[in-house]
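# Chain and residue survey
The chain contents come next:
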Amino acid sequence: MTEHEFHRAMHLVMEAGTLLLESGGEVFRAQDTMEIMAHSLGIGDFHVYVLTNGIFASAMRGSVSEVRHIPRISIDLGRVEMVNAISRRLATGELDLAGAECALAEARHHRVYGPRRHLLAASIGSACFAYLFGGGPLEVAVAFVAGSAETLTCQWFARHHISRIFTDIVAAAIGTALAIMARWYLWPKLDVGTASIGALMVLTPGVALTMGIRDIINADYLSGAIRMLGAVLVAGCLAAGVGITWMIAHDFMGVWI
Amino acid sequence: MSQPLWVQMLLQFLAAMVATIGFGLTFEVPSRHFVACGITGALGWVVYSLCVTLWGLSAPMATLVATLPLTAAARFYSIRHKAPITLFLLSGIFPLVPGAGIYYTAYYLLQGNRVQCTNKGVETLKIALALALGIALVCSLPLPGQPHRKN
């Protein structure tokens, strides 16, 4: 293996790990995948340590070392699957270095659905959840609208790089406010709780919770704890958003509805 | 509700499937896994809902019971589709995430109803723990035929 090839291989392995973490792969998955890839590509003496938002790797008795920082995670499970498949095909010898580079570039540009379909899917999801939690047609309709408002808020804030904490508070507040207003101005029979919970499901920290559990099961306690902390934080933000809206609504209407 | 139980459950199953697929789509799950994700999520929800309505289990207990078949289904599909289990687990778990608990905790806190607020808060925590326990139990079971392969 020439030095040039070695650097290309090392770069490939680091890219694969970064992509996995960015797209919502677990810590052990990134670590395993990188080790398997390094082994199949013939990188000697490869060691790697992965955290929720960082990768540290060295090779050739520490003469080569690389660090990556992954500040932002945007879930893309299709990409996780693609990178997983690349490492498997490398291990079986079906792909060589150049082939793997191509496949990885393809995975990097993987975005199938786009924001509009995300919006529609999240709104339909909210509506279905309102039904599951015992809502009638009115609650389902309000949850659909509130869910889309929350998703739009999230998308717009993400485009302007506004922090996740603030986004969650504002989105939860908007969703709840829509449900309360629908009851106050339109349908006095609406069950505000069911409608807003349906919409709130868009924002719940299910991903962080599940990934935290998965990390902890695999004995990555530090990474698991980071993710769990994130989940608790998001839950607190949602509660704050809901609370702020109810407080304003209470002051405005003078009664609890 | 006046419909017979099986009609209700069928409707719930379908709604949970659509909800799970909707959330799976926002996570960019490839469309060939949609049905598997939907079934995983719907299975969890229907078991949960049966536990609560028929056998009168508490929400955390029902969540624990429902997480077991849900995670098992996710593992089954991950092996059958040769895809990471994350795809099915992340989308499928959503119907059981305690969104309602978070909402009511905040609601009662604001009303100054401390008893209800504490009840809901503790229940939310218990549900989250039940989810964790259920996933951990099923994911840690070793399977014959895939000794050290992590999904």
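Owing to the predicted nature of the structure, the values given are computational and were not obtained by experimental measurement.

## As for the interface of chain A and chain B
Opposite the 58 residues of chain A that make contact, chain B presents 50 residues. Between chain A and chain B, roughly 4600 Å² of surface is buried when both sides are summed, and carbon and sulfur atoms account for 73% of that area. When the buried surface of chain A facing chain B is broken down by residue, Leu77, Glu81 and Tyr113 of chain A rank first, second and third, together holding 15% of it. For the pair chain A and chain B, the number of links is one salt bridge. With its nearest N and O atoms 2.4 Å apart, the salt bridge here joins Arg32 of chain B to Glu81 of chain A. Counting across the interface, chain A meets chain B through 12 residue pairs in polar contact (both at pLDDT 80 or more). At the level of elements, helix H2 (27–41), helix H3 (77–91), helix H5 (114–132), helix H8 (192–200), helix H9 (206–217) and helix H10 (221–253) of chain A are the ones that each hand at least two residues to the side of chain A that touches chain B. Among the residues forming the side of chain A that touches chain B, the class breakdown is 33 nonpolar, 16 polar and nine charged.

## Quick notes on a nonpolar patch on the surface
Residues and elements named next belong to chain A. Nonpolar side chains collect at one region of the surface, where Met181, Trp184, Tyr185, Leu186, Trp187 and Phe252 lie side by side and expose about 690 Å² of accessible area between them. Sort the elements by how many residues they give to the nonpolar patch and helix H7 (residues 164–186) lands first, with four residues. With respect to the element layout, Trp187 can be found in the loop between H7 and H8. Using a relative accessible area of 35% as the deciding quantity, one classes Trp187 as partly exposed.

## Some words on the confidence of the model for chain B
All names here are of chain B. Averaged over all residues, the pLDDT of chain B is 86; the fraction at 70 or higher stands at 93%. Here helix H5 (residues 99–111) is the element of chain B with the lowest mean pLDDT, 85, and helix H3 (residues 59–80) is the one with the highest, 92. At the level of chain-chain contacts, confidence expressed as ipTM amounts to 0.84, with global pTM at 0.85.

## Things to note about the nonpolar core
Residue and element names in this part refer to chain A. The biggest cluster of nonpolar side chains holds 85 residues, and the ones touching the most others in it are Ile43 and Phe46. At 10 residues, the largest contribution of residues to this core is made by helix H1 (residues 3–23). Among the nonpolar cores identified, the runner-up in size contains 25 residues, and Ile180, Val192, Ala235 and Val242 belong to it.

## Considerations on H10 of chain A
Taking 1.5 Å of rise per residue, the 33 residues of H10 of chain A would be expected to cover 48 Å, and the 47 Å separating its terminal C-alpha atoms lies within 8% of that figure. Where H10 of chain A terminates, the next one or two residues include Gly254 of chain A, which has phi positive at roughly 80 degrees.

## Regarding the pairing of strand S3 (residues 64–69) of chain A
All names here are of chain A. Only one face of S3 is buried: it carries Val64, Glu66 and Arg68, and the other face, with Ser65, Val67 and His69, is open. In this structure, strand S2 (residues 54–59) lies alongside S3, joined through six bridges in antiparallel fashion. Directly across from Phe56, in S3, lies its bridge partner Val67.

## With respect to H5 of chain B
In a regular helix each residue adds 1.5 Å, so 13 residues correspond to 18 Å; H5 of chain B covers 19 Å between its end C-alpha atoms and thus fits that length. The complete set of buried residues in H5 of chain B reads Gly99, Gly101, Ile102, Tyr103, Thr105, Ala106, Tyr107 and Tyr108 of chain B. For H5 of chain B, the elements touching its buried residues are H7, H8 and H10 of chain A together with helix H6 (114–140) of chain B.

## Details of the sheet that holds strand S1 (residues 47–51) of chain A
Residues and elements named next belong to chain A. On the basis of which strands lie adjacent, the open sheet formed by three strands has the order S1-S2-S3 and antiparallel pairing. A strand with exactly one partner marks an edge of an open sheet, and here the two such strands are S1 and S3. On average, each strand axis in the sheet is inclined to that of its neighbour by 5 degrees, with strand direction left out of account. In this fold H2 packs onto S1 and S2, with an angle of close to 160 degrees to the strand it touches most, S1.

The rules behind the values
Residues numbered from 1 in each chain as written. Chains lettered and ligands numbered in written order. Predicted model: local features only at pLDDT ≥ 70, side-chain atom pairs only at ≥ 80, totals over all residues. Heavy atoms only, no water. Contact = heavy atoms within 4.5 Å. Buried area = accessible area lost by both parts, 1.4 Å probe. Salt bridge = Lys/Arg side-chain N within 4 Å of Asp/Glu carboxyl O. Polar contact = N/O pair within 3.5 Å; in protein donor to acceptor, adjacent residues only side chain to side chain. Helix = DSSP H or I, 4+ residues; strand = E, 2+ residues; numbered from the N terminus. Nonpolar A, V, L, I, M, F, W, Y, C, P; charged D, E, K, R; others polar. Patch = residues over 30% accessible without salt bridge, like charges linked within 9 Å, V, L, I, M, F, W, Y side chains within 5 Å. Areas by Shrake-Rupley, 256 points an atom, 1.4 Å probe, with all protein chains shown as cover. Buried < 20%, exposed > 50% of the residue type's maximum accessible area, 1.4 Å probe, protein only. pLDDT = per-residue confidence, 0-100. Core = buried A, V, L, I, M, F, W, Y, C linked by side-chain atoms within 4.5 Å. Expected span 1.5 Å × (residues − 1). Pairing = 2+ DSSP bridges. Axes fitted to C-alpha atoms, helices over the stretch in contact; angles between N-to-C directions.

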